[in-house]
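# Summary of the model geometry
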Amino acid sequence: MTCNSGCQMLDQRVDEWLKWDKNDKTRKEIQDLVNEKAWDELKSRLNERLAFGTAGLRGKMQAGFNGMNDLVIVQTAQGLVKCLFEKFPHEEVRERGVVIGFDGRHNSKRFAELSATIFLAEKTPVYLFHTTVPTPFVPFTVLEKRCVAGIMVTASHNPKEDNGYKVYWSNGAQIMSPHDKDIQKSILNNLVPLESSWDLTRLTSPLVKNPYDEILSSYCSKLRQNIPKTYFDCNSKSSLKFVYTAMHGVGYPYVVEAFKAAGLSEVLPVLEQRDPDPEFPTVKFPNPEEGKSCLNLSIALADKNECSIILANDPDADRLAVAEKNNKNEWRVFTGNELGALLGWWAIQNFKELNPDKSLDNCYLLASTVSSKILNAIAKVEGCHFEETLTGFKFMGNRAIELIKEGKTVLFAFEEAIGFMFSSTVLDKDGVSAAAHLATMASYLKQKFNRNLSEQLDEIYKNYGFHCTKTSYYFCYDPNITFKMFQRIRNIKNDGKYPESVSNGKYKIAEIHDITTKKVVRYSNDNGAPAKVIYGVDLSPSAKPVTPTVTSSQMIIFTFENGVVITLRTSGTEPKIKYYAEMCAKPGDSNFGALRETLDDVISCVCNEFLQPTENNLKPKSD
């Protein structure tokens, strides 16, 4: 077919697509658009291409180089395998192999199998899960089987139209720069698909192994080893019941096995959401982070069966949401920061029980910089260490590896977006193990103190200081508006002087950390104290920035004199401008109401003055 669009580049891209794509459905999609002379649509699909970043690939499943489809997957896998051969000796790649897993979305299994054929053509062993698995099983397998890399085909909690391609390095953590850039370069150098890349008959090769039974057994065994015997006893005697929803994802059978390993009673599943369903028929957004709006079926089941706790995984089971019925029969959905406080405290208790003769001075807690500072307060009192990283588990996972190499023990890491890493068994967020540890904690508290999770959270705030956090976001679909908004905060058009306060001086700013531009502004007198360092970026004015830095997105942190910290940042995967706000108090300060009111007021001032929602036509998050 000849394409005469009037654009030489587009004509070439159409020709390449129709020549290379072996999938009849997506090939016809492009042919139909050519017949319709839908040149603008074809340009957006073919002249632009999904770029491989530290989050891998994620996009809409559709024909074109800018979508998730067979041809893009083939090109990506061809580039990845060549990149691995550049990073490792050929014989090492062919000895250690790769692991590939997939979730329950449309095309996930096919994308996984196509990827496998490309590695098999290079005589590389593939540990290919033959059924859906949680995302954390892939980095776990990388470590268990000493693979050079791991691939998980998932779009996590994105809409049903999307899919993704997540890559883990040989250390068991998500890839970081420069690996992402090297993989992208290798993809562009290997765009022409080989005939062997489409040959699914290679899946019968003896180089293909299904690691399911071995990995599930090992995962549960290591989970069991990380739970003290006294807690097993509490679990076996516990009267608590747990409602569980997999949110139409992969989590249910794995949570069942994890609960068995922990000695917990079986969960009561939400049947309508128990099994993988790529249509996600009962939820508008398959994301438990949305709160009560996606937990209606869970709440109804819990009320019917007199259950007081709901556990929810997202569709690839790497995140965990929790809701609890309080003494007034009202349901409370915990924020990620609140769960981070609970699980972080529990990780310390867990370590103490497992290691009664060891101190905590070699132990670390980690959190992303937009998450609550509660772990820092806990660490100071308990005598362990706390570190912040940039946003994303790729930073926490890789930092954990560095600490472990130094002989340190990483007890826990979390991000406010309901991601939790309990111990260093999996070097990424893991919603399955987090569910088992959360349920163990709830059972222990109920049996030993007749205390629920909310009451324990209050105890944590009393002992370590109240940390009031609020997070939300606005939708902004025009990247130019987003860019101008942040440039306005930086006052680029005038003298480049950052704001000193909000609400006409009512709330004065002490410090501003502009992560994007690697600048720090300090207005208050800090008595010569050194500049604060967030791991990965040295923000002191005279210091040379240390990679990795955040240049692909906007992020500014404002610290106010009254103790409020607010971070404004753009999402890397969605058209959102997010804010993360926190007011911290010292242990013993119980005037929680006044702290919340102050935090709310500062948030309102910052959003209205810096983001200007009305002027910029920003759409707020729907409750």
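Because the structure is a prediction, the values reported are computed rather than measured.

A full pass over the atoms with the stated rule returns 23 aromatic pairs. Taken together, a centroid distance of 5.3 Å and an interplanar angle of 50° make the contact between Trp346 and Tyr444 tilted. On the criterion of sequence distance, the pair formed by Trp346 in helix H13 (residues 336-354) and Tyr444 in helix H16 (residues 431-449) is long-range, its members being 98 residues apart. In this structure, Trp346 and Tyr444 share a single accessibility class: buried. The ring of Phe449 carries Arg451 above its face, with NZ or CZ at 4.7 Å from the centroid.

Read from one edge of the open sheet, five strands run E8-E7-E9-E10-E11, paired in mixed fashion. The open sheet terminates on both sides in strands that have one partner only, identified here as strand E8 (268-269) and strand E11 (331-333). By the bridge criterion, five bridges tie strand E9 (residues 309-313) to strand E10 (residues 320-325) in an arrangement that is antiparallel. Its bridge partner lying in E10, Ala312 is registered against Ala321. Of the strands in this sheet, strand E7 (242-245), E8, E9, E10 and E11 touch helix H12 (residues 296-304), which is tilted by about 155° from E7.

This part is about the sheet that holds strand E4 (residues 149-153). Strand order across the open sheet formed by six strands is E1-E5-E4-E2-E3-E6, with mixed pairing between neighbours. Edge positions in the open sheet fall to strand E1 (57-60) and strand E6 (208-209), since each of these has one partner strand only. Docked against the sheet, helix H6 (residues 108-121) engages strand E2 (98-102), strand E3 (126-128), E4, strand E5 (162-169) and E6, running at close to 165° with respect to E2. Against the sheet, helix H7 (residues 137-144) contacts E2, E4 and E5, and its axis sits at roughly 160° relative to E4.

Across the chain, the average pLDDT comes to 92, with 94% of residues at or above 70. Long-range and interchain partners of residues 528-551, a stretch whose pLDDT sits below 50, account for 52 contacts in this model, where long-range means more than four residues apart.

Before going further, it helps to spend a moment on helix H10 (residues 229-237). If you check which residues of H10 are buried, you get Tyr231, Cys234 and Asn235. End-on view of H10: buried residues confined to an arc of 100°, all on one side of the axis. Among the exposed residues of H10, those oriented more than 90 degrees off its buried face are Lys229, Ser236 and Lys237. Packed against the buried residues of H10 are H13 and H16.

Glancing now at the packing of helix H18 (residues 479-489) against helix H19 (residues 592-611). Relative to each other, H18 and H19 sit at 110°, their axes nearing to 9 Å. On the basis of their axis angle, the class for H18 and H19 is roughly perpendicular. Of H19, the residues touching H18 (which contributes Met485, Arg488 and Ile489) are Glu609, Phe610 and Leu611.

Following both chains from N to C, one finds helix H11 (residues 252-261) and H16 inclined at 40°, their axes separated by 9 Å at the closest point. With respect to H16, the axis of H11 lies oblique. Handedness of the H11/H16 crossing: right-handed. The residues of H16 that touch H11, namely those facing Tyr254, Val255, Ala258 and Phe259, are Val432, Ala435, Ala436 and Ala439. Partitioning the contact of H11 with H16 into residue classes produces eight nonpolar, no polar and no charged.

Rules behind the numbers
Residues numbered from 1 in each chain as written. Predicted model: local features only at pLDDT ≥ 70, side-chain atom pairs only at ≥ 80, totals over all residues. Heavy atoms only, no water. Phe/Tyr/Trp six-rings, centres within 6.5 Å; stacked < 30°, edge-to-face > 60°. Helix = DSSP H or I, 4+ residues; strand = E, 2+ residues; numbered from the N terminus. Buried < 20%, exposed > 50% of the residue type's maximum accessible area, 1.4 Å probe, protein only. Lys NZ or Arg CZ within 6 Å of the ring centre and 35° of its normal. Pairing = 2+ DSSP bridges. Contact = heavy atoms within 4.5 Å. Axes fitted to C-alpha atoms, helices over the stretch in contact; angles between N-to-C directions. pLDDT = per-residue confidence, 0-100. Arc of directions from axis to C-beta. Parallel < 35°, antiparallel > 145°, perpendicular 65-115°, else oblique. Left-handed = near helix turned anticlockwise from the far one by under 90°. Nonpolar A, V, L, I, M, F, W, Y, C, P; charged D, E, K, R; others polar.

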